[in-house]
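What follows is the residue order along each chain.
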Amino acid sequence: MTAFAYRDGHYFAEDVSLRRIADACGTPFYCYSRAAVEARYDAYVEALKDFDALICYAVKANSHQAIIKLLADRGAGADVVSEGELRRALAAGVPAAKIVYSGVAKTVREIEFALQQNIRQFNVESEPELEEISAAAVRLDKTARVSFRINPDVDAGTHEKISTGKSENKFGVPLESASYAYEKAVGLPGIEVCGIDLHIGSQITSLTPFAHAFARVAELAEKLRKDGLTISTIDLGGGLGVNYDEKNDHAPSPAEYVGVVRDTLGHLDCNFIVEPGRSLVGNAGVLVGSVIYVKKSGQSTFLIIDAAMNDFLRPSMYDSYHAIVGERDSGAKNVMYDIVGPVCETGDTFARQREMPAQESGDLIVIEGAGAYGSVMASSYNTRPLVPEVLVDGDEFRIIRKRPSYDSIIGLDLDWESA
Ligand code: LLP
């Protein structure tokens, strides 16, 4: 389904024109489509229907309560990486029994809080972390179900900043030392080993790295079982990419991805957990700004919009491509633009040399594929307030997060006398 599209020359989110939303809350704003999130979730459910599988939404992709809640209402669990995310998942109604706790280094406080909630499992990334979990479980008279996150040393073929499964990355336990780590876990009090976990990176658009990594995990599972361990669950992590660029990206569907799971791990007869983030919400959201000025300078024509790198960091941080379109399919002559924000950094650039119909001050500009790792990575750099978030459902929309006032932002600071 296409939740975001031109209709009669105007850009719509489902049955709501973006202009209608802009009139209600001003720009910039994030806009999410409920139907798009649900359709992607349902595609995972359908793909996994032959397996005993739990879809744990990677909350970090978009941790808005309304987004977590609509997935939880459909049966999703959650993958969290901090106490804050765990609290968000619980507050949105995800049962603790469906929450897995990942993350490279959990603090004692975070471990204790998660144990008190009786979460489903910890994905453990190091031996010192395992020891802390064991000690905390003993203190609290709890049993921690654990899987080790294995680093399979596989190149995910994605941007280096979001590649996590190579041996030089900080993540997980190296495959070579996995047997030793499991042996140690079995001997520790308060620990119940339940399976194996991995996550090799994000925005992965080829199935090959998954196939390689899963094959290594299958071998490890067989070996551990031979050693007498219970390996009942394999947590496959997230990472499935999306098409940001309809012309050049060819991300596999959840069904194709699950085909690889079946081929490499199906024979193990275990439960699966998947932790998709981006592939559930990435294309279910857009960031909408408006043109402040069109500025000609030397050879360049800058389309300066009121959204900036602090609102949406991906292009500055990962040089990521995002389709950018105007509010109106105006038929105006095409212009080659550099599309930038007003923040005082050259990195505040959304796209260079993009051809689009001529735009004018006040026109809405839509940055597509902003549903994942958009609002969650925003900051108020340059004292720019975090932008509102809007959820569309059919012909209705609601502002699910208001723009904070300047007073509320500045009021967080205490001067020496009042601190
Ligand atoms: N599970 C774990 C343990 C993870 O670390 C991540 C993402 C996921 C699941 C979800 O991965 P996904 O399905 O969304 O690819 N800020 C970056 C992406 C960072 C991903 C970090 N880990 C970006 O904007 O591209």
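Throughout what follows, the structure given in this document is the object of discussion. It should be emphasised that the depicted structure is a prediction, and the values quoted were computed from it without experimental measurement.

Description of the overall build of the protein chain
At step 1: Along the protein chain, the regular secondary structure elements total twelve helices and 21 strands.
At step 2: Here the protein chain has a C-alpha radius of gyration of 23 Å; the compact-globule value for 419 residues is 22 Å, and the two agree.
At step 3: Dimensions of the protein chain, computed from the C-alpha atoms along their principal axes, are close to 70 × 60 × 40 Å.
At step 4: For the protein chain, with 419 residues in total, the buried portion stands at 53%.
At step 5: At a minimum sequence separation of 6, the contacts of the protein chain that also span at least 24 residues come to 69%.
At step 6: For the protein chain, the exposed area adds up to about 18300 Å²; of that, 49% sits on carbon and sulfur atoms.
At step 7: With 42 positive and 60 negative side-chain charges, the protein chain shows a separation of 2 Å between the mean positions of the two kinds.

Examining the pairing of strand β17 (residues 334–340)
At step 1: Here three bridges tie strand β15 (residues 300–305) to β17, and the two strands are oriented parallel to one another. Residue pairing across strands places L303 opposite I339, the latter belonging to β17.
At step 2: Direction of pairing for β17 relative to strand β18 (residues 349–357): antiparallel, over a ladder of six bridges. Bridge pairing links V340 to T349 in β18.

With respect to the packing of helix α2 (residues 34–47) against helix α9 (residues 254–265)
At step 1: Where α2 contacts α9, the axes come no closer than 9 Å and their chain directions differ by 30 degrees. For the element pair α2 / α9, the angle class is roughly parallel. The interaxial crossing formed by α2 with α9 has right-handed handedness. Counted together, R40, A43, Y44 and A47 of α2 and P254, A255 and V258 of α9 form the full contact between these two elements.
At step 2: Its residues assigned to classes, the contact of α2 with α9 shows six nonpolar, no polar and one charged.

Notes on the site of the ligand
At step 1: The full set close to the ligand counts 19 residues, and S202, E275, R314, Y318 and Y373 are the nearest of them.
At step 2: Residue G277 places a main-chain N or O atom 2.9 Å away from an oxygen atom belonging to the ligand.
At step 3: Protein coverage of the free-state accessible area of the ligand, which is 590 Å², stands at 91%.
At step 4: When the residues that make up the shell around the ligand are grouped by side-chain class, the tally is six nonpolar, seven polar and six charged.
At step 5: Counting contributing residues per domain, the shell around the ligand is built from domain 1 (4–32 + 283–410) and domain 2 (103–274), each supplying no fewer than three.

Considering the pattern of salt bridges
At step 1: Using the criterion set out here, one finds 22 salt bridges in the structure.
At step 2: D42 is paired through a salt bridge with R74; the nearest N and O atoms lie 2.9 Å apart. With D42 in helix α2 and R74 in the loop between α3 (65–73) and β6 (77–80), this residue pair connects regions lying 32 residues apart in the sequence.
At step 3: Look at R74 and you get partly exposed, because its relative accessible area is 36%.
At step 4: Here R262 ties to D50 by a salt bridge, and the two come within 3.3 Å at their closest N and O atoms. Separated by 212 residues along the polypeptide, R262 in helix α9 and D50 in the loop between α2 and β5 (53–58) bring together distant segments of the chain.
At step 5: A single salt-bridge network, built from bridges that share partners, covers R34, E38, D42, R74 and D393.

Observations concerning the sheet that holds strand β1 (residues 4–7)
At step 1: Here three strands make up an open sheet; going across it, the order is β1-β2-β3 and the pairing antiparallel. In the strand order of this sheet, the two ends are held by β1 and β3 (16–17), each with one partner.
At step 2: Across four bridges, the pairing between β1 and strand β2 (residues 10–13) is antiparallel. Bridge pairing in β2 links A5 to F12.

About the thresholds
Residues numbered from 1 in each chain as written. Predicted model: local features only at pLDDT ≥ 70, side-chain atom pairs only at ≥ 80, totals over all residues. Heavy atoms only, no water. Helix = DSSP H or I, 4+ residues; strand = E, 2+ residues; numbered from the N terminus. Rg over C-alpha atoms; globule rule 2.2 N^0.38 Å. Buried < 20%, exposed > 50% of the residue type's maximum accessible area, 1.4 Å probe, protein only. Contact = heavy atoms within 4.5 Å. Areas by Shrake-Rupley, 256 points an atom, 1.4 Å probe, with all protein chains shown as cover. Lys, Arg positive; Asp, Glu negative; His and termini not counted. Charge placed at Lys NZ, Arg CZ, Asp CG, Glu CD. Pairing = 2+ DSSP bridges. Axes fitted to C-alpha atoms, helices over the stretch in contact; angles between N-to-C directions. Parallel < 35°, antiparallel > 145°, perpendicular 65-115°, else oblique. Left-handed = near helix turned anticlockwise from the far one by under 90°. Nonpolar A, V, L, I, M, F, W, Y, C, P; charged D, E, K, R; others polar. Near = heavy atom within 4 Å. Polar contact = N/O pair within 3.5 Å; in protein donor to acceptor, adjacent residues only side chain to side chain. Domains from an automatic or database assignment. Salt bridge = Lys/Arg side-chain N within 4 Å of Asp/Glu carboxyl O.

Shape is all these values report; function is a separate question.
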